[in-house]
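Residues per chain are reported as follows:
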Amino acid sequence: MIILQSRVASEWVDYNGHMNDAEYARVFSLAVEELMEHIGLDSAGRACYGYTIYTLETHLCYRREAHEGQPLSVELTLLDHDTKRLHIFFKLQDEAGNLLATSEQMLMGIDINTTRPAPFPPPVEEAISALPLAAPSTWPELAGRTIAIRR
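Structural notes, computed from the coordinates. (Residues numbered from 1 in each chain as written. Predicted model: local features only at pLDDT ≥ 70, side-chain atom pairs only at ≥ 80, totals over all residues. Heavy atoms only, no water.)

## Here we look at unusual backbone geometry
With a phi angle near 50 degrees, Thr115 is a residue other than glycine that sits in the positive phi range. Mapped onto the elements, Thr115 comes out in the loop between β5 (99-111) and β6 (116-117). Look at Thr115 and you get partly exposed, because its relative accessible area is 47%. (Helix = DSSP H or I, 4+ residues; strand = E, 2+ residues; numbered from the N terminus. Buried < 20%, exposed > 50% of the residue type's maximum accessible area, 1.4 Å probe, protein only.)

## Structural notes on the side chain of Ser103
Topologically, Ser103 is positioned in strand β5. Take Ser103: its relative accessible area is 1%, and that puts it in the buried class. A distance of 3.0 Å separates polar atoms of two side chains, one belonging to Ser103 and the other to Gln105. The contacts of Ser103, once residues within four sequence positions are left out, are Phe28, Thr58, His59, Leu60, Ile88, Phe89 and Phe90. (Polar contact = N/O pair within 3.5 Å; in protein donor to acceptor, adjacent residues only side chain to side chain. Contact = heavy atoms within 4.5 Å.)

## Some details on the packing of aromatic side chains
Throughout the structure, instances matching the rule amount to three aromatic pairs. Note on Tyr24 and Tyr62: the rings are 5.1 Å apart at their centroids and 90 degrees apart in plane angle, and the pair reads as edge-to-face. With Tyr24 in helix α1 (residues 21-38) and Tyr62 in strand β2 (residues 51-62), this pair connects stretches of sequence that are 38 residues apart. (Phe/Tyr/Trp six-rings, centres within 6.5 Å; stacked < 30°, edge-to-face > 60°.)

## Let's talk about the pattern of salt bridges
For the coordinates displayed, the defined rule picks out two salt bridges. Between Glu23 and Arg26 there is a salt bridge whose closest N-O contact spans 2.4 Å. Residue Glu23 and its partner Arg26 are located together in helix α1, separated by three residues, close to a single helical turn. Residue Arg26 is classed as partly exposed on the basis of its relative accessible area of 41%. Asp82 is the salt-bridge partner of Arg85, the closest N and O atoms lying 2.4 Å from each other. The exposure class assigned to Asp82 is partly exposed, which follows from its relative accessible area of 28%. (Salt bridge = Lys/Arg side-chain N within 4 Å of Asp/Glu carboxyl O.)

## Observations concerning the pairing of strand β3 (residues 71-81)
Here strand β1 (residues 2-7) pairs with β3 via five bridges, running antiparallel. When the bridges of β3 are listed, Leu4 appears paired with Val74. Summarising the sheet, β3 and strand β4 (residues 85-94) pair through nine bridges and their orientation is antiparallel. Across the sheet, the residue bridging to His81 is Leu86, located in β4. Here β3 folds back onto β4 in antiparallel fashion, the turn holding three residues. (Pairing = 2+ DSSP bridges.)

## Details of the side chain of Glu104
Residue placement: Glu104 occurs in strand β5. Arg145 provides the closest opposite charge to the buried, salt-bridge-free Glu104, at an N-O distance of 7.3 Å. Polar contacts involving the side chain of Glu104 include one to the side chain of His87, which spans 2.6 Å. Residues contacting Glu104, with those up to four places away along its chain left out, are Glu57, Thr58, His59, Leu79, His87, Ile88, Phe89, Leu142, Ala143, Gly144 and Arg145. (Lys, Arg positive; Asp, Glu negative; His and termini not counted.)

Right under this line is the structure:
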């Protein structure tokens, strides 16, 4: 499911003439915000439920350069979830569908008043359950990677 569409902003371009590595993380962060809106945790939902989402871990893989003005789309795959966590995988693609980067993330639901993990509010859980869930056998190839120097 496409969760975000954007363009490479001029201020995201670095001295090498392409999108700076930190800006890929920004795009994926914007995609998390869109996901939050999609599941009912926009500003009104956060206020209503006293609930938000924190990012616990992220693994970003760079595949291709992106350049100023280039259209971008971010595709979301839900890998897994439980009562208070989301394991998600984002693919950042250009207008031709070329893979530019991926971001695998673990997100945690948080009670705003206690700043502690808490189960998703029922309407949010219902929206999460409606997201497309990948079976482990169909996980994206880059999901579940670890960082290591292979010898």
